[in-house]
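Summary of the model geometry
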Amino acid sequence: MKQYIGKFVVAAAMVLAVSGVARAHDDDDEGKPCSLSTLHGLYVFTASGFNIVGSGPQPKAIVELIQFDGRGALTVPAVTVSINGVIMRAPPPSSPPSTYSVGSDCTGVLQFTPPPGFTAPITYDFFVGFKGSQIQMIQTGPGSPVFQGTAERLSR
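The following refers to the structure shown. (Residues numbered from 1 in each chain as written. Predicted model: local features only at pLDDT ≥ 70, side-chain atom pairs only at ≥ 80, totals over all residues. Heavy atoms only, no water.)

1. Describing the state of the cysteines
Tallying each qualifying case throughout the model produces one disulfide. Between the sulfur of Cys34 and that of Cys106 lies a disulfide, 1.8 Å long from S to S. Because the torsion about its S-S bond is 85°, the bridge between Cys34 and Cys106 counts as right-handed. You can see Cys34 sitting in the loop between helix H1 (2–26) and strand S1 (40–53) and its partner Cys106 sitting in the loop between strand S5 (98–102) and strand S6 (107–112), a full 72 residues away along the chain. With a relative accessible area of 19%, Cys106 lands in the buried category. (Disulfide = S-S within 2.5 Å. Helix = DSSP H or I, 4+ residues; strand = E, 2+ residues; numbered from the N terminus. Buried < 20%, exposed > 50% of the residue type's maximum accessible area, 1.4 Å probe, protein only.)

Right, here's the structure in full:
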């Protein structure tokens, strides 16, 4: 009788262990492609680089909050920029939301609505990592500065 109870306990433990592994795998979205909804929530973007003015570089750094809506629009609740040591803080823009797109390969393009005094939108190419919790971004476009950084999700 003890032999049967021992085998039953071992079999029950194995069933519970395997079902836990299967359940954990069902929640794993590693293999899912990226989409607009991958980016959803509040992110903090930090970047540094240089503006090229004339023939010389000017150092540039930014700390910015970006709110992604999961449907292709974003807003910027706050931003602080330093260009060549001059600090600028911008209030939230009153213009239409900026836009972004995300491919199934987790690459994308972000286009900020031009701030007052600018005519062209500010664009970035980006790569999404860690299930949308981190974004690697580099500024692109004609006359773009040498500027890259990382956005990390703070909340959904």
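Moving on from the coordinates now.
2. Brief notes about the pairing of S1
As judged from the 14 bridges shared by S1 and strand S2 (residues 56–69), these two strands associate in the antiparallel manner. Bridging across to S2, Val44 finds its partner in Leu65. Joining the antiparallel neighbours S1 and S2 is a turn of two residues, in which Gly54 adopts a positive phi near 65°. (Pairing = 2+ DSSP bridges.)

3. Overview of the side chain of Thr123
Examined against the element boundaries, Thr123 turns out to sit in strand S7 (residues 122–129). Looking at Thr123, its side chain comes within polar contact range of the main-chain oxygen of Thr140, at 2.9 Å. The contact partners of Thr123, leaving out residues within four places of it in the chain, are Leu110, Gln111, Ile138, Gln139, Thr140 and Gly141. (Polar contact = N/O pair within 3.5 Å; in protein donor to acceptor, adjacent residues only side chain to side chain. Contact = heavy atoms within 4.5 Å.)

4. As for the packing of aromatic side chains
In this structure the tally under the stated criterion is four aromatic pairs. Look at Tyr43 and Phe68: their rings are 5.0 Å apart centre to centre, the planes differ by 80°, and that puts the pair in the edge-to-face class. Of the two residues, Tyr43 is situated in strand S1 and Phe68 in strand S2; the sequence distance between them amounts to 25 residues. You can call Tyr43 buried: its relative accessible area is 0%. Taking the centre distance of 5.6 Å and the plane angle of 85° together, the rings of Phe45 and Tyr124 count as edge-to-face. Of the two residues, Phe45 sits in strand S1 while Tyr124 sits in strand S7, which places them 79 residues apart along the sequence. Ring pairing ties together the aromatic residues Tyr43, Phe68 and Tyr100, which thus form one cluster. Against the face of Phe147 rests Lys60, its NZ or CZ located 4.4 Å from the ring centre. (Phe/Tyr/Trp six-rings, centres within 6.5 Å; stacked < 30°, edge-to-face > 60°. Lys NZ or Arg CZ within 6 Å of the ring centre and 35° of its normal.)

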